Amino acid sequence: MTRRRTHRISIITLNTGCGARATNHPYPARTPVLALDFGAVSLLVTTSAGGLVTASDVEFARQLAHEADQFARSVESKFTTPANEPDQGKAA
């Protein structure tokens, strides 16, 4: 991971509770949009230029995928199913 060149001005925390989801929207005639929905708040991730994809966009998309994978692995490693509830991660 590269170092930040600028200082954070603010931080927004969006919790992954009930209703949170991530959705990729590939469009045939324009660049894709990644939507992160947290209840009433939506965050849209798009490319730097409306109809163009740059090398920086590809680099960011790959970094995002890598970090999302690492986040998923970290969350999975902390997940425990209460003894009195069925495992929600497995099909019934």
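Worth saying up front: this structure is predicted, and the values here are computed from it rather than measured. (Residues numbered from 1 in each chain as written. Predicted model: local features only at pLDDT ≥ 70, side-chain atom pairs only at ≥ 80, totals over all residues. Heavy atoms only, no water.)

Caption draft 1: Geometry of the pattern of salt bridges. In the structure shown here, the tally under the stated rule is 2 salt bridges. Put simply, Arg21 and Asp37 hold a salt bridge, and the shortest N to O gap is 3.4 Å. Of the two residues, Arg21 is situated in strand β1 (residues 20-25) and Asp37 in strand β2 (residues 33-38); the sequence distance between them amounts to 16 residues. What makes Asp37 buried here is its relative accessible area of 13%. One salt bridge connects Arg73 with Asp69, and the closest N-O pair in it is separated by 2.9 Å. You can see Arg73 and its partner Asp69 sitting in helix α1 (residues 55-78), 4 residues apart, about one turn around the helix. Take Asp69: its relative accessible area is 33%, and that puts it in the partly exposed class. (Salt bridge = Lys/Arg side-chain N within 4 Å of Asp/Glu carboxyl O. Helix = DSSP H or I, 4+ residues; strand = E, 2+ residues; numbered from the N terminus. Buried < 20%, exposed > 50% of the residue type's maximum accessible area, 1.4 Å probe, protein only.)

Caption draft 2: Highlighting a nonpolar patch on the surface. A cluster of nonpolar side chains, Ile12, Leu14, Val41 and Leu43, forms an exposed patch at the surface whose accessible area comes to about 350 Å². For Leu14, the position within the fold is in the segment before β1. (Patch = residues over 30% accessible without salt bridge, like charges linked within 9 Å, V, L, I, M, F, W, Y side chains within 5 Å. Areas by Shrake-Rupley, 256 points an atom, 1.4 Å probe, with all protein chains shown as cover.)

Caption draft 3: Broad picture of the environment of Val33. For Val33, the location among the structural elements is in strand β2. The class for Val33 is buried, based on a relative accessible area of 9%. Between the C-alpha atoms of Val33 and Thr47, which are 14 residues apart in sequence, the distance is 7.9 Å. Among all residues touching Val33, those that are not within four sequence positions of it are Thr23, Asn24, His25, Tyr27, Leu44, Val45 and Thr46. (Contact = heavy atoms within 4.5 Å.)

Caption draft 4: View of the side chain of Asp37. In this structure the side chain of Asp37 is engaged in a polar contact, spanning 2.4 Å, whose partner is the side chain of Ser42. For Asp37, the residues in contact, after removing those within four places along its chain, are Gly19, Ala20, Arg21 and Ser42. (Polar contact = N/O pair within 3.5 Å; in protein donor to acceptor, adjacent residues only side chain to side chain.)

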